[in-house]
Amino acid sequence: ESYYNANHIHDLIFTHSYELTCTEDARTEKVCECGYAEVDIVTPATGHSPSEQIITAEPTETTEGTVIIECTVCGEVLETVVVPKLTVPVSFKVFAYISVLIVPLMMLIIGIVCVKKKEFTKPNAFIGYRTPLSRKNKETWNYANKLMGKINLIVSLILLPVTAVSLAFFINKTHSVIDTAVVVITLIQVVVLVITIIPIEVKLRKKFDSDGKRKDK
């Protein structure tokens, strides 16, 4: 096939054909030995056909997730979206704080009540500081419970800020880390609560003999 130019007649020879893609036309190329070329478009490109969002990696509390949009025809990734890490709900953090403050608040309330109380009910096996020596008589009972109140009050005023600060180091971590922190802190509090029995018993035995009679009389 020949075409006339002012000074030259192009002799176009078929050299190559290009397959249709989403971004490239289906076309053929003809070239003359002088370098002149013509391209015949057979089928125009229609562009990419975007898919729905496809989750390639679920976000966790420690890693970000990814979502992609790809072409449904050629499979090329058209867009990648980074999904932020999962965050621990505020309600869970509040619940964690409430959980670790139960023991010291309980000790605080018991301490205030016992310190303010002038007379306690008679010794019993259900309410109060209940050990064999404290239940010997009303005097040992009043002394032990009054002392328990003072110690609980002091210890609770120490535990409350220490507990709040301790949990603050973990409150922005993952669910599992916060759960572990709550359990460990609560166990430590219970151990402290049990240890408070020691000074009460020591003072009780210094003041009363095994029959509940005052030693200073």
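**Student:** I would appreciate a short explanation of the sheet that holds strand β6 (residues 54-57) in the present structure.
**Tutor:** Strands in a sheet are paired, the pairing made by backbone hydrogen bonds, and the direction either parallel or antiparallel. Spatially, the 3 strands line up as an open sheet ordered β6-β7-β8, and their pairing is antiparallel. Strand pairing shows two members of the sheet lacking a second neighbour, β6 and β8 (77-83), which therefore form its edges. Direction aside, the axes of adjacent strands within the sheet are offset by 30° on average.

**Student:** Sorry if this is basic, but what is going on with the packing of helix α2 (residues 138-168) against helix α3 (residues 175-195) here?
**Tutor:** Axis angle and axis distance: for two packed helices, these are the angle between their axes and the distance between the axes, and together they describe the pair. Running from N to C, α2 and α3 cross one another at 165°; their axes reach a closest spacing of 11 Å. In this view, α2 runs roughly antiparallel relative to α3, as classed from their interaxial angle. Note on packing geometry: the crossing formed by α2 with α3 is right-handed. Of α3, the residues touching α2 (which contributes Asn152, Val155, Leu159, Thr163, Ser166 and Leu167) are Ala181, Val182, Ile185, Gln189, Val192 and Leu193.

**Student:** Just to check I follow, could you spell out the pattern of salt bridges for this structure?
**Tutor:** A side chain of one charge can pair with a side chain of the opposite charge when the charged atoms of the two come close. Evaluated as defined, the whole model comprises 4 salt bridges. For Arg214, the salt bridge is made with Glu139, and the minimal N-O distance between the two is 2.8 Å. Here Arg214 is found in the segment after α4 (197-207), whereas its partner Glu139 is found in helix α2, with 75 residues between them in sequence. Classification of Arg214 as partly exposed rests on a relative accessible area of 23%. On the accessibility criterion, Glu139 (32% relative accessible area) is partly exposed. Across the pair Arg205 and Glu201 runs a salt bridge whose closest N-O atoms are separated by 3.3 Å. Taken together, the positions of Arg205 and Glu201, both in helix α4 and 4 residues apart, correspond to about one turn of that helix. The buried category is assigned to Glu201, whose relative accessible area is 13%.

Reading guide: rules and limits
- Residues numbered from 1 in each chain as written.
- Predicted model: local features only at pLDDT ≥ 70, side-chain atom pairs only at ≥ 80, totals over all residues.
- Heavy atoms only, no water.
- Pairing = 2+ DSSP bridges.
- Helix = DSSP H or I, 4+ residues; strand = E, 2+ residues; numbered from the N terminus.
- Axes fitted to C-alpha atoms, helices over the stretch in contact; angles between N-to-C directions.
- Parallel < 35°, antiparallel > 145°, perpendicular 65-115°, else oblique.
- Left-handed = near helix turned anticlockwise from the far one by under 90°.
- Contact = heavy atoms within 4.5 Å.
- Salt bridge = Lys/Arg side-chain N within 4 Å of Asp/Glu carboxyl O.
- Buried < 20%, exposed > 50% of the residue type's maximum accessible area, 1.4 Å probe, protein only.

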